[in-house]
Amino acid sequence: MTAAREDHTSTTLLTEAPAVHAPAAGAETEADAALAFPPKFIWGAGTAAYQIEGGASDDGRGASIWDTFSRTPGRVHNGDTGDRAVDHYHRYEQDVALMAQLGLRAYRFSVAWPRIQPDGRGPANQHGLDYYRRLVDCLLDHDVEPWLTLYHWDLPQALQDAGGWPRRDTAERFADYAALVYEALHDRVRIWTTMNEPWCSAFLGYGSGRLAPGVQDPHQAVRAAHHLMLGHGRAIAALRAIDAGNQLGITLDFNPAMPASGDPADVEMATRVDGLRNRIFLDAILRGAYPADVLRDLERVTDLSHLRDGDQAVIGMPIDLLGVNYYNRALVAAGPAAAGAAPMLEFPGAETAVFVPQENRPRTARDWPVDPDGLYDLLLRLHREYPPVPLAVTENGAAFNDYADPEGQVHDPDRISFLDGHFRAAQRAIAAGVDLRGYFVWSLLDNFEWEEGYSKRFGLIYVDYPTQQRVLKDSAHWYRQVIARNGLDGHPAPAPALGG
Ligand code: FCB
């Protein structure tokens, strides 16, 4: 089944498809012009509530699964929590001023559900709404467009206690919460995203248990995936019923799977991993149906009795924007996995997949391979194989081992090189016809990197955690110039060293 698609784009930021090959203002040479981005390209940076806000018990905020998880010994590196994080809850004005200094055109952030509904249900906590109203107004005062994500992983603990995402009711709770936030902010926020990275929430939260709530159960993971999708669809419907004038979408994380060899077994395994990782959500949303091969794989581990008639139409209703999070690709071989190796709990139905190290690529401090061509291929694939929808890269960036030198400066040439390579890949994709509207660097600030705690720094802005002092890294100064010229100069930054 393919859902009929409508174009909901109206009068806002996303109305204009990018003009291909448009020269940047100030482009001086042909080479410069070739590396220009479309006029009004949306250069931004992103964060998420639990990773930066702190203020964990301020103004009536309830507990989320991340509070519980991070306070559980052994779950997060060094026992770190988001209790204080980078104290953005109290320092947002200073941080918005830094965004303006960089020239950001947009800022992607998330709302903490437990600030709005401390127990995940019932009327809104006005203090929580007021905080986001102040943040949004401050952004608008600085000409930074707010891009609001409703769910970036911080489920109220009370809803997890009632069953969490594996329980269908959580999708209804999410739609209620989404409507409360939308009622309060739809007049000033024009771009809305329901979920961030449902794959992580479902398969890392309930499959491998690497992320909160830390459950290891493939049955629950599969149900959680569907109910996250259902929550997305129900929220889109609820928001549109209140005000159809804004742009509504979702952000998916993509990890394209490449077969490790031409061996048919490896090719087949890569297809299955791609299905369970990427197509499961993409097809449900853009084609209105889960792929048949994915359902077959899922049925190997659990029955599909949680899928109900009508659900797929809700999930597949039109969206105005698809957010693309991209960090790297996977190289996949067919198992069996090495003796004694843990099964790939993140891929129920394809647990014997083997992820082959990509030794010929530079790596980041997160140990992720650096692969800008993967972004180009992904954007082209979305463009060629799926119904048309405006795209934005809502996350891309890298952790490196940054430190402030004795002069207080932070030199991060590897991050500049990483971003330069990926921006070039995006620019090539636009030139090839991809409708890419924006690009959000992950992240604005160093922050709480989930199970890695504060040990991995992704920010354009360095944070000295004991003093909370902010320092613009070299990459932030470089990004300011990219934004100001709306493109790159003719000289690619040198590649990071192998091994990061
Ligand atoms: C993504 C998350 C984001 C951040 C980056 C590095 O999966 O959405 O919050 O942690 O990874």
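Definitions and cut-offs
- Residues numbered from 1 in each chain as written.
- Predicted model: local features only at pLDDT ≥ 70, side-chain atom pairs only at ≥ 80, totals over all residues.
- Heavy atoms only, no water.
- Helix = DSSP H or I, 4+ residues; strand = E, 2+ residues; numbered from the N terminus.
- Expected span 1.5 Å × (residues − 1).
- Buried < 20%, exposed > 50% of the residue type's maximum accessible area, 1.4 Å probe, protein only.
- Arc of directions from axis to C-beta.
- Pairing = 2+ DSSP bridges.
- Axes fitted to C-alpha atoms, helices over the stretch in contact; angles between N-to-C directions.
- Contact = heavy atoms within 4.5 Å.
- Parallel < 35°, antiparallel > 145°, perpendicular 65-115°, else oblique.
- Left-handed = near helix turned anticlockwise from the far one by under 90°.
- Nonpolar A, V, L, I, M, F, W, Y, C, P; charged D, E, K, R; others polar.
- Phe/Tyr/Trp six-rings, centres within 6.5 Å; stacked < 30°, edge-to-face > 60°.
- Lys NZ or Arg CZ within 6 Å of the ring centre and 35° of its normal.

(A) Quick peek at helix α16 (residues 474–485). The first and last C-alpha atoms of α16 sit 17 Å apart over twelve residues, in line with the 16 Å expected at 1.5 Å per residue. Among the residues of α16, Ser475, Ala476, Trp478, Tyr479, Val482 and Ile483 are the ones counted as buried. Down the axis, α16 shows its buried residues gathered within 160° of arc, on one side only. For α16, the exposed residues lying more than 90 degrees away from the buried face are Gln481 and Ala484. Within two residues after α16, Asn486 carries a phi angle of roughly 55°, on the positive side.

(B) Region of interest: the sheet that holds strand β5 (residues 247–254). One closed barrel accounts for eight strands, arranged β1-β2-β3-β4-β5-β7-β10-β11; its pairing is parallel. Shown here is a sheet whose adjacent strand axes are inclined to one another by a mean of 25°, direction ignored. Two elements, strand β10 (residues 391–396) and strand β11 (residues 436–442), share four bridges in a ladder whose sense is parallel. Bridging from a neighbouring strand, Val393 pairs with Tyr439 of β11. Contacts between helix α6 (residues 126–141) and the sheet are confined to β2 (106–110) and β3 (145–151), with β2 contributing the most and set at about 170° to the helix. The strands that helix α14 (residues 372–385) touches are β5, β7 (321–326), β10 and β11; relative to β7, the one it contacts most, it runs at about 155°.

(C) Up close: the packing of helix α4 (residues 88–102) against α6. Packing of α4 against α6 leaves a shortest axis separation of 10 Å and a crossing angle of 15°. With respect to α6, the element α4 is oriented roughly parallel. Viewed along their axes, α4 and α6 form a crossing whose handedness is right-handed. In contact with His88, Tyr89, Tyr92, Glu93, Val96 and Met99 of α4, α6 contributes Tyr131, Arg134, Leu135, Cys138 and Leu139. Its residues placed into classes, the contact of α4 with α6 shows eight nonpolar, one polar and two charged.

(D) Focus on the packing of aromatic side chains. Within the structure shown, the criterion is met by 38 aromatic pairs. A centroid spacing of 6.4 Å and a plane angle of 20° characterise the contact between Tyr50 and Trp450, whose relative ring orientation is stacked. Separated by 400 residues along the polypeptide, Tyr50 in helix α2 (residues 49–52) and Trp450 in the loop between β11 and β12 (461–464) bring together distant segments of the chain. We classify Trp450 as buried; its relative accessible area is 4%. Ring geometry for Trp113 against Tyr151: centres 6.1 Å apart, planes inclined by 85°, an arrangement best described as edge-to-face. Taken together, the residues span a long stretch of sequence, with Trp113 in helix α5 (residues 113–116) and Tyr151 in strand β3 at a distance of 38 residues. By the burial criterion, Trp113 is buried, and Tyr151 matches it. Members of the aromatic cluster, joined through ring pairs, are Tyr50, Trp66, Phe69, Trp153, Phe448, Trp450, Tyr454 and Tyr465. Here the guanidinium or amino end of Arg277 rests over the ring plane of Trp199, the centre of that ring lying 3.6 Å away.

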